[in-house]
Amino acid sequence: QVELVESGGGLVQPGGSLRLSCAFSGSIFSFYDMSWFRQAPGKQRELVAHIDSGGSPNYLDSVKGRFTISRDVAEKTVYLQMNSLKPEDTAVYYCHARSTYDTNNVYWGQGTQVTVSS
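Residues numbered from 1 in each chain as written. Predicted model: local features only at pLDDT ≥ 70, side-chain atom pairs only at ≥ 80, totals over all residues. Heavy atoms only, no water.

Visitor: Give a description of the overall build of the protein chain that names residues and reports values.
Guide: When its secondary structure is counted, the protein chain shows zero helices and 11 strands. Counting helices and strands in the order they occur from the N terminus, the protein chain gives β-β-β-β-β-β-β-β-β-β-β. In summary, the protein chain has a C-alpha radius of gyration of 14 Å against a globular reference of 13 Å for 118 residues, a match within 12%. Dimensions of the protein chain along its principal axes, counting C-alpha atoms only, are 45 × 25 × 25 Å. Buried residues in the protein chain amount to 41% of all 118 residues. If you sum the accessible surface of the protein chain, you get close to 6,100 Å²; carbon and sulfur atoms cover 46% of it. (Helix = DSSP H or I, 4+ residues; strand = E, 2+ residues; numbered from the N terminus. Rg over C-alpha atoms; globule rule 2.2 N^0.38 Å. Buried < 20%, exposed > 50% of the residue type's maximum accessible area, 1.4 Å probe, protein only. Areas by Shrake-Rupley, 256 points an atom, 1.4 Å probe, with all protein chains shown as cover.)

This is how it looks when you write it as structure tokens:
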């Protein structure tokens, strides 16, 4: 059973930076595509960034150039480096894993709060 544990959220001023981490356990990390989603109060959960098992990233248009997703195979961890943060980035951020062999095999982390405010 895959387990995802996020860390790194917090309160930051506009223009600041945070790095989120998601530790993966319970299966073979390289068999999973990894993503970060976020959900703001009263809004639907949205895909922020995705990195496939080969390391190719994709981003939500509004975070392109500010956020970077990466994965460390040795550490079995996926990161989201967030720079130039804006108040509209405030949300709970969730780590997501999807098997490349069975797309119905999906796991979520518990979420970490990111608040951008002065």
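Structure's up, so let's keep going.
Visitor: So what's going on with the pairing of strand 4 (residues 32-39)? Residues and values would help.
Guide: Judged by how many residues are buried, strand 4 sits mostly within the fold: seven of eight residues are covered. Here eight bridges tie strand 4 to strand 9 (residues 91-99), and the two strands are oriented antiparallel to one another. Opposite Y32, over in strand 9, you have S99 as the bridge partner. In this structure, strand 4 lies alongside strand 5 (residues 46-51), joined through five bridges in antiparallel fashion. Bridge pairing in strand 5 places R38 opposite E46. Connecting strand 4 to the next strand, strand 5, in antiparallel fashion are six residues, including G42 with a positive phi near 75 degrees. (Pairing = 2+ DSSP bridges.)

Visitor: Quick rundown of the nonpolar core? Include the residues and the values.
Guide: With 29 residues, the main nonpolar core has L4, M34, W36, L80, M82 and Y93 as its most contacted residues. At the level of elements, strand 3 (18-25), strand 4, strand 5, strand 7 (67-72), strand 8 (77-82), strand 9 and strand 11 (112-116) are the ones that each hand at least two residues to this core. Filtering out sequence-adjacent residues up to four positions away, Y93 remains in contact with E6, L20, W36, F37, R38, V48, F67, L80, M82, G111, T112 and V114. (Core = buried A, V, L, I, M, F, W, Y, C linked by side-chain atoms within 4.5 Å. Contact = heavy atoms within 4.5 Å.)

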